[in-house]
Amino acid sequence: MKLVTYIGLVVRRLWAKRGILIGSLLGATLVIALLVVVPLYQDSVKAVDLRFSLQSALAEEVDATVRWPTETTNYNGETAADNRGLVLDLYASIIAEWYPTYVERIQTREFVVIPTGGAVDWLARAEAWRVEKAAIELANSQLGPTDEPQQVPGPPYPTPPREPLQVRMFTSPTLQEHLEVLDGAWPDPLLELPSGDDAAPLPLIIGEDVARLSQLGVGDVFILRPFSGLPEVFELVEIAAVVAPVDAGQKIWGVDDPMTMVYLPQETFDAWTSPVFITAVEDPWLRQSRGLTNLTATQRWIMDFDPDALQFEEVDAVRGAIAAFQAKVSQDSGGTIVASSLLPMLLDEFEVRSVTVGGPILAILALVVGGALYFLIYTSALTLEREGPEIALLKTRGASTWQTTGIHLAQSAVVAALAAVAAPYVARLLVGVTGRVPPLSDLTGGEPLQVSEVASITPYVVGGAIATFLSMGLAILPFARRPVLELRSLAARPSGSSVWQRYNLDLFAIALSIVILFQLVQRGFINTTGGEVRLDALAVVFPVLLLFTGALVLLRLLPWLLRVVGWLMTKVRGLSLALPGWHLGRNPVPYGRLALLVWLTTGLGAFALTYAGTLEQSFQDRAAFVAGTDVRIIAEEAGYLIPPESDSGAAVLRTDGAPRQSTRRAEVLAVRPDDFAAVITWRSDFGAGTPQEIFTQLRPEGEAPYLGVELPGDATELLIDGVVIPRSWAEQDELDTSKPDPSLRAMMRVFDADGRAWTIQAENDFVDSAWGTVEFDLTDGRNAYLSDPVPPLTVHALWVERSNPGGNTVLNGESMLIRNVRTVGETEVPIDLGELDTTNGLTLRPGVPASGAADAYYADLPEGVEEPSEAAIRRSPLYAEGTATMWVGPGVRTNLNPAVPALRAPVDDLYVLIDTEAAAIAGLEVGERTAFSIGSEIYDGEVVGFIGRVPAMNDRRREGRMIIDLDGLNPLLNGIPSWSFQTALARVEAPQELWIKTDDPDATVRLVNAQFLPGDEADEIVTLKESAGEFSSRPVQVGLVAVLFVGAAVSVALALAGVTGYVLLAVARRAREMGVLRALGFPRRGVAATFTVEQIAVLGLGAVIGTYGGIALMWAMLPFLQLGETATDIEPPILISVNWAVLLAYIGVVSTLLVFSVIWATRKVSARRMSEVLREVEH
Amino acid sequence: MTRIIECENLIKIHKQGNLEVVALQGLDFTMDRGEFISIVGKSGAGKSTLLQILAGLEIPSAGRVEVAGNDLTDLTPNQRVSYYRRGVGFLWQDFTRNLLPYLKAIQNIELPMLLAGVPTRRRKKRSLALLEAVGLRSSAYAKVHTMSGGEQQRLALCVALSLGPHLLLADEPTGELDTETSLSIYELLRRMSHDGGLSVLVVTHDVALAQRTDRIVRLADGRMATQGRFETHELLAVDRRGMVQVPRELLLEAGIEDELTARLVEGGILLEPSGGEDGD
């Protein structure tokens, strides 16, 4: 009975204080709901993520395939039927729930199509052979015993044409469901092999592409022959029908190119592929049995995964079922049939993502719950302070400490119990509603988020109820023990220092945070031991602890800060500022709780905004890092494409290499520094300086590497006068015609303005019969670029070779005289090739008499020839006045010797930028020279600087990064002279990438694509826009951001309630002060203003500190984000991105709301009658 | 007559920051059972401090105080609770502080009994009897806020007496009430004291009301200045600055309104209305 009375008392108290307690009930409900939201929301968002992942996955990533591969000739219909029974039984009993449909396909390896009426009429040839064979056999039958019988020639086996059409043979039980007949008729199944000499060709169905490519139609006959196999294995077929897919847009049987197949009804296929014994001596054209032996066919089932059939709760079940299916199929088939699916891998990735991305959700919800609990404690304490007189009354009426405590605890228990009942519904509502609002609404289609409830929420409800009960209830303990008089004066006297500071718990919390941080740094935020990714529990606790610890530390500092603020305010004229200033400065301690509440609110909001901004910025950074620039065209020689005029372009050659020929291969980009710096997307932490500063280090002298002798821009031809120094007349007379032609072909390697290497062959040769002018056409070369050479050209190398080698020898000690090198354009300009070096045994002797050729010729005359006169020699075409340069070639050079004697521009060493790690491993310092392996070549080079991260250099297979000068590499790669007899002559290592900085990527891509020849296209086009699309938020991340904003909104609501309550209490406490102020003649508004300014000063300080606290918290959470979705480090690393405009707008809105709540609360109290106030003062 | 209160050389020093304020400076005071005493004195004389010490809310800094055999200088928490329940009843000036507004009248009276574990039937019976005694039987189930100030204070009296304490302490119990209501409350207290044997100690500023008690104890500077009843002569306290407070009734009796004349006569000072015997 007493208990009932007590309960009655509690209920009456609750009812009487319903205004305050409804607030507590809401707070408690919110706390429990938020705790319940943890599993619900996580599961629900994960369910959306799973659905999103499954729906956006390619069929190959989720479907299950079962394969019975036949390696030899063991395919037959009987085994296929057995397999079918085995597989489909297991399928139906184990995985059909998630794979509701399946298709079966049987597919052979390639056959070649041999037309019968093409260049070779095989039927006619067979017939002719048959006739010949019959004739021989007849003749042989009529021979006498001593006559030698005539041998019968082998049968003519059909051989494929030069570029035969290849097809695969295909069948499926569902053939007719997916194919429609365009022409002809679906053939009846052939259950037995036709036999007999006159058996008709086998009816075959062909895909429309086969018909188009082979130009065959219904009724046409052709020969099908396995791509490899015995020559006698072929079959004559007749086209019965041409087919096309029923639904052209749908992939059938998981086959990419169904129309390049030939089809047989399944029964025919099984019958046709039964082993047939054929001997070569028989007439393969007139076999007794038909069919295709030695057939390699694969029977395959593709089980179509239905993403909608897999519920989030069934992830483990489906994984287990797939494993069981795979094991059972293998076991029951004796290992001959293999079942596989990539779905478990996808699910594993999903699980990892759930942990890495779900971690912050937990941590943030922990934060929100922590904040809400603090709110509860805060409001409970406020309530109790207001209830001090009542507790005093109870005590003076004989209530013991336990009774006082019990009443309050019972009251808290009722609130907690009510909250526990309501919270799950609120939580489900909250979770559901998030599906209706952006950004999750984009994924749910505006529908409420379907609430998944995998784990029981009961522990969370119970835990939440206990937490709220303790938060509200425990506040009574210090109050219940206080003396009556103290309790009576509580509402009018501010509380002293907090428990935290009194017992130095804040310092303990700091120490604990440091220990946890140390632990986390040591062992990482995510545990990946045992192949399983798990979130470290400390990682969830750490952010909460950090925020609260930070707040507690600041609480210690707050009085000093407030004193400073107060002091500053007193310096301002006007009592409305000076009075609050005095108050703040003299008595700052009581503002701690208010400040803490505001810190937590603004901190969480700032964190939410910073988190969202950082995540978004990271996506953009990652997209930019992958793309490298706005548009990146990748194709053979793409670097030579021309970017639109309004855009900046940079040619980039991508290869690999290593310093000191290390086995660690680094990614290598060869770039032109200025161009590259102008187009690359850059982030300040990628290197120590701007791209311009970093990449121009590649040119220490500030100039482009020396490529050779630059020709005038208008030059269209380069002319060289020259003559091959002939053998003497006597020697020539002795030479037979088999001796090589002494003419020398002149070759030149030039670079055009775009850096393209051109090999130009002279229009005519140097000959040994006369001085001549060798002409190089500078408007074309032997290379197949998309456009002609772009002037001005630079002569990099010049060499000669025999024009008609007649063997491997391309040079053998030939000498020439050359002079008068010049270009022809608008004017004729002499060219000095003196800057070029002689290489590979070539010697130049300048200043020799130009008559040397004639002298050599006439040096030895054939017998009986009269020595010519000087005049006669001068008239000789071999004779020239003046001097010339003698080109003295070395001894024998064959075309197998790549060292071509040539005039060649000296090549600079490579200047290399290398990443610090690769440099450290190779032991390289800036300024150090060493050999570098670039591609397959070794070059000398010098390290000129270090690089950090470089966008688009993200090949995880490579270890390290190097950047070199494209113009420096170009002559090394493409400047080396080569014999024209080698196919490598025109081979150029061209930059494969064109990086373009543009404002209109679509137009740029269109314009650049137009430069490709018809039929050609880029291998790959990477645009920042598309890359950004790939790096968009996953549903879990979207959900995370959503929950953050919900948390921030909740905290703002709590703060508003808390601040209003606090100000009401604070003003009530200071009724005496208000009374005095009013009595002194302060107007009501002035009193209100004084209190408002004071509270706003505290709020403002709290907001500023909270904002930076939130950003600091983001810093603490960075390791979570850095793990990315797959628990591997994100590249480039995530940097905190603070959108100050949005953040300030948020702080502005929150501050405005808080200021209004302060003004409202202050006005409410200041509006009281003065007599009322003064009467309160009295007591 | 047995003593219910015995104070001997009672000293109470309040600390306000670094300042020490001596509220009681060796007060000696006794009270017999069934007595109805009023304590008067100017602000800061130590009236409320004495009351709080007697109520067990404050502990004296020195001296001895015993109430109904309870040594209030040395109470354990349990003894203190017991003292609140059985030893003493309180009546505060602010009647809203005497009552829980969310309880009905009878529930307020039952509350102390509930806390003390009194059975339901006895609680109800006692509550109704008390209400009957103060003339509030018909308002037993009324809500507190619907009752007048006098009714609330009478109800508060019932609450204070619900557990039948030996001593009732009242701090300005009629401070917020009109004269008529105040008189009725005092009459009620007197009746309870004289008829019911309840010891009542009232702190008041109102000398006229104090006159209605058995004994007036005047405190000044933390000590007892005078005690007794005065019918034709009023004993007035002179403070350190020489100020004298004359009761209003005395002034009215003497026809003194706004001004008076103080004249030195043999053996004392004569206070007369202004415009009296000039030159005498």
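Residues numbered from 1 in each chain as written. Chains lettered and ligands numbered in written order. Predicted model: local features only at pLDDT ≥ 70, side-chain atom pairs only at ≥ 80, totals over all residues.

**Thoughts on the overall build of chain A**
Defined as follows: By the criteria applied, helices consist of DSSP H or I runs no shorter than four residues and strands consist of E runs no shorter than two, each listed in order from the N terminus. Here the C-beta atoms are placed from the backbone, and a residue counts as buried if at least 20 other C-beta atoms lie within 10 Å of its own, exposed if 12 or fewer do, and partly exposed otherwise. C-beta atoms are first placed from the backbone for all residues, and any pair lying within 7 Å is then listed as a contact.
Helix and strand counts for chain A stand at 35 helices and 35 strands. Taken over 1179 residues, chain A has a buried fraction of 47%. Pairs at least 24 apart in sequence give 83% of the contacts found in chain A among residues at least 6 apart.

**Quick look at the overall build of chain B**
A tally of regular secondary structure across chain B gives eight helices and 12 strands. Put simply, chain B has 280 residues, and 43% of those count as buried. In chain B, the share of contacts with a sequence separation of at least 24, taken over all contacts with a separation of at least 6, comes to 64%.

**Topic: helix α5 (residues 149-161) of chain B**
Residue and element names in this part refer to chain B. Rules: Expected helix span is given by 1.5 Å per residue-to-residue step, counting one fewer step than there are residues.
When the terminal C-alpha atoms of α5 are compared, their 18 Å separation across 13 residues agrees well with the 18 Å that a helix rising 1.5 Å per residue should span. Every buried residue of α5 is listed here: Gly 150, Gln 152, Gln 153, Arg 154, Leu 155, Ala 156, Leu 157, Cys 158, Val 159, Ala 160 and Leu 161. Tucked into the core, α5 has its buried residues touching β6 (88-91), α3 (105-116), α4 (120-134), β7 (167-171) and α6 (179-196).

**Section: helix α29 (residues 1001-1009) of chain A**
Residues and elements named next belong to chain A. Our working definition: This arc is built from the directions going out from the helix axis to the C-beta atoms.
Taken as a whole, α29 has its buried residues at Pro 1001, Thr 1004, Val 1005 and Val 1008. Relative to the axis of α29, the buried residues are bounded by an arc of 95° and lie together on one face. Away from its buried face, by an angle of more than 90 degrees, α29 presents the exposed residues Asp 1002 and Arg 1006. Looking at the buried positions of α29, the neighbouring elements they touch are β13 (631-634), β34 (993-997), β35 (1020-1023) and α30 (1024-1030).

**Things to note about the interface of chain B and chain A**
Interface size, as often reported, equals the accessible area lost upon joining of the parts. Stated precisely, the cut-off is as follows: Residue polarity is assigned by list, with Asp, Glu, Lys and Arg as charged and Ala, Val, Leu, Ile, Met, Phe, Trp, Tyr, Cys and Pro as nonpolar; anything else, Gly included, falls into the polar class.
In this complex, chain B contributes 22 residues to the contact, which on the side of chain A involves 20 residues. Elements with a minimum of two residues in the side of chain B that touches chain A: α2 (77-87) and α3 of chain B. Broken down by element, the residue count for the side of chain B that touches chain A peaks at five residues, all from α3(B). Of the residues contributing to the side of chain B that touches chain A, the split by class is 16 nonpolar, two polar and four charged.

**With respect to the nonpolar core**
Residue and element names in this part refer to chain A. Formally: Under the definition applied here, buried Ala, Val, Leu, Ile, Met, Phe, Trp, Tyr and Cys residues are grouped into a nonpolar core through C-beta atoms within 7 Å.
Within the largest apolar cluster, 355 residues are counted, with the highest numbers of intra-cluster contacts made by Val 31, Ile 32, Val 36, Ala 372 and Ile 964. Of the residues forming this core, the biggest block, 21 residues, is contributed by helix α21 (residues 592-627). The residues contacting Ile 32, other than those within four sequence positions of it, are Ala 419, Ala 420, Ala 423, Val 461, Gly 464, Ala 465 and Thr 468. Grouped together as the second largest cluster of nonpolar side chains are 41 residues, Val 112, Ala 240, Met 261 and Trp 272 included.

**Here we look at the confidence of the model for chain B**
What counts here: A residue's pLDDT is the confidence the predictor assigns to it, expressed on a 0 to 100 scale.
Residues with a pLDDT of 70 or more make up 88% of chain B, whose mean pLDDT is 81. Segment residues 276-280 of chain B is flagged for pLDDT under 50; beyond a separation of four residues in sequence, or across chains, it makes one contact in the model.

**Looking at the packing of helix α4 (residues 77-94) of chain A against helix α9 (residues 315-332) of chain A**
All names here are of chain A. Where we set the bar: In this analysis, axes come from line fits to C-alpha atoms, helices being fitted only over the stretch in contact, and the angle between any two N-to-C directions falls in the range 0 to 180 degrees. Here roughly perpendicular refers to angles of 65 to 115 degrees, roughly parallel to angles under 35, roughly antiparallel to angles over 145, and oblique to all remaining angles. Here a crossing is called left-handed whenever its near helix is offset anticlockwise from the far helix by less than a right angle, and right-handed whenever the offset is clockwise.
Interhelical geometry of α4 versus α9 gives an angle of 155° and a closest axis separation of 10 Å. It follows that α4 is roughly antiparallel to α9 by the angle criterion. Relative to α9, the crossing made by α4 is right-handed. Residues Leu 86, Val 87, Leu 90 and Ile 94 of α4 touch α9, and the partners they reach there are Ala 321, Ala 324, Phe 325, Lys 328, Val 329 and Asp 332.

**Here we look at the environment of Leu177(B)**
Residue and element names in this part refer to chain B. Within the secondary structure layout, Leu 177 lies in the loop between β7 and α6. What makes Leu 177 buried here is the crowd of 20 C-beta atoms within 10 Å. Look past the residues within four positions of Leu 177 in its chain and what remains in contact with it is Gly 149, Gly 150, Gln 153, Ser 182 and Ile 185.

**Notes on unusual backbone geometry**
Residue and element names in this part refer to chain A. That bond from Pro 791 to Pro 792 is cis: its omega, 0°, falls within 30 degrees of zero. Mapped onto the fold, Pro 792 is located in the loop between β20 (772-777) and β21 (794-802). With a phi close to 55°, Asn 840 is a non-glycine residue in the positive phi region. Tracing the sequence through the fold places Asn 840 in the loop between β25 (837-839) and β26 (843-849). By C-beta crowding, Asn 840 is classed as partly exposed, having 16 other C-beta atoms within 10 Å.

**A short note on the environment of Ala129(B)**
Residues and elements named next belong to chain B. Within the fold, Ala 129 resides in helix α4. Overall, Ala 129 belongs to the partly exposed group, with 13 C-beta atoms counted inside 10 Å. Along the primary structure Ala 129 and Ser 162 are separated by 33 residues, whereas in three dimensions their C-alpha atoms are 9.6 Å apart.

**Let's talk about the pairing of strand β30 (residues 910-915) of chain A**
Residues and elements named next belong to chain A. The condition that has to hold: Two strands form a pair only when DSSP identifies at least two bridges running between them.
Along β30, six of the six residues are buried, which leaves the element largely enclosed by surrounding structure. Neither face of β30 is exposed, since Leu 910, Val 912 and Ile 914 on one face and Tyr 911, Leu 913 and Asp 915 on the opposite face are all buried. Sheet topology places β30 next to strand β32 (residues 937-947); six bridges connect them, and they run parallel. Paired with Tyr 911 across the two strands is Glu 942, which belongs to β32.

**Details of the packing of α3(B) against α5(B)**
Packed helices, taken two at a time, are described by the angle their axes make and the gap between the axes. All names here are of chain B. The interhelical angle for the contact between α3 and α5, taken along N-to-C directions, is 25°, at an axis separation of 7 Å. Regarding the angle of α3 to α5, the classification is roughly parallel. Crossing handedness for the pair α3 and α5: right-handed. In this structure, α3 uses Ala 105, Asn 108, Ile 109 and Pro 112 to contact α5, whose residues at the interface are Leu 155, Cys 158 and Val 159.

**Describing the environment of Ala884(A)**
Residues and elements named next belong to chain A. Here Ala 884 is to be found in strand β27 (residues 883-888). In this structure Ala 884 comes out as buried when scored by C-beta crowding, with 25 C-beta atoms within 10 Å. In the structure, Ala 884 is positioned 36 residues away from Val 848 in sequence and 5.4 Å away in space, judged by C-alpha atoms. Sequence-distant contacts of Ala 884, that is, excluding residues within four places in its chain, are made with Leu 817, Ile 818, Arg 819, Val 848 and Ala 850.

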